[in-house]
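# Reading the structure
Residues per chain are reported as follows:
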Amino acid sequence: MLEFMKENSFGTIVTVQGNKPNVTDVPLKVHKQEDDFYITNHMEINNSQWKTFEDHNVLVIYQGSDRDISSSWYEHENVPTWNYQALHVYGKDGILNDQELEEDLKLLLKRLC
């Protein structure tokens, strides 16, 4: 799953404020620290979704490739014919403090170099 997340790093963040879902599509970074996994991104300040990040439940969706396949591949032709890859990751949201942001940016620079 970690490799899938790294290979398909443009994902969707879903949070809820009241009864209204907030959804943003953003580039994501995933990294492991001890036994925990962290997904980080940089969201523009004009996107109000970041204001909902207060240690609430969050859903992050990663999409891989998809394509139609022929139902003739199956014994019975009354089957779904869309082949796709997707991963739903659940966790807690939050905003990085200054030190965490600095570390996250260092990781990003290492990846780019």
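Relevant structure appears above.
Not measured: the values here are computed from a predicted model.

Attention now moves to the nonpolar core. In terms of nonpolar packing, the biggest core is built from 12 residues, these being Phe-4, Met-5, Ile-13, Val-26, Leu-28, Val-30, Met-43, Phe-53, Val-58, Val-60, Tyr-62 and Leu-87. When contributions to this core are tallied by element, the ones reaching two or more residues are α1 (2-7) and β5 (57-68). Take this core: its biggest share by element is 3 residues, from β5. The residues contacting Val-26, other than those within four sequence positions of it, are Ser-9, Phe-10, Gly-11, Ile-13 and Asn-41.

Along the chain, Thr-15 falls in strand β1 (residues 10-17). Residue class for Thr-15 comes out buried when judged on its relative accessible area of 1%. A polar side-chain atom of Thr-15 sits 3.0 Å from a polar atom in the side chain of Gln-49.

Turning our eyes to something else, we now look at a nonpolar patch on the surface. On the surface, a nonpolar cluster with roughly 210 Å² of combined accessible area is contributed by Leu-96, Leu-101 and Leu-105. Examined against the element boundaries, Leu-96 turns out to sit in the loop between β6 (82-92) and α2 (98-112). Residue classification places Leu-96 among the partly exposed residues on the basis of a relative accessible area of 35%.

Quick look at the sheet that holds β6 now. If you trace the 4 strands from one edge of the open sheet to the other, you get β2-β1-β5-β6, paired in antiparallel fashion. The strands lining the two open edges of the sheet, one partner per strand, are β2 (20-27) and β6. Averaged over all neighbouring strand pairs, the angle between strand axes comes to 25 degrees, with direction disregarded. One ladder, built from 8 bridges, connects β1 with β2; its direction is antiparallel. Paired with Val-16 across the strands is Pro-21, a residue of β2.

Here the focus is the pattern of salt bridges. Enumeration according to the criterion identifies 3 salt bridges in this entry. Residue Glu-102 is joined to Lys-106 by a salt bridge in which the shortest nitrogen-to-oxygen separation is 3.5 Å. Here the residue Glu-102 and the residue Lys-106 both occupy positions in helix α2, the gap between them amounting to 4 residues, near one helical turn. On the accessibility criterion, Glu-102 (46% relative accessible area) is partly exposed.

Thresholds, definitions, all that
- Residues numbered from 1 in each chain as written.
- Predicted model: local features only at pLDDT ≥ 70, side-chain atom pairs only at ≥ 80, totals over all residues.
- Heavy atoms only, no water.
- Core = buried A, V, L, I, M, F, W, Y, C linked by side-chain atoms within 4.5 Å.
- Buried < 20%, exposed > 50% of the residue type's maximum accessible area, 1.4 Å probe, protein only.
- Helix = DSSP H or I, 4+ residues; strand = E, 2+ residues; numbered from the N terminus.
- Contact = heavy atoms within 4.5 Å.
- Polar contact = N/O pair within 3.5 Å; in protein donor to acceptor, adjacent residues only side chain to side chain.
- Patch = residues over 30% accessible without salt bridge, like charges linked within 9 Å, V, L, I, M, F, W, Y side chains within 5 Å.
- Areas by Shrake-Rupley, 256 points an atom, 1.4 Å probe, with all protein chains shown as cover.
- Salt bridge = Lys/Arg side-chain N within 4 Å of Asp/Glu carboxyl O.
- Pairing = 2+ DSSP bridges.
- Axes fitted to C-alpha atoms, helices over the stretch in contact; angles between N-to-C directions.

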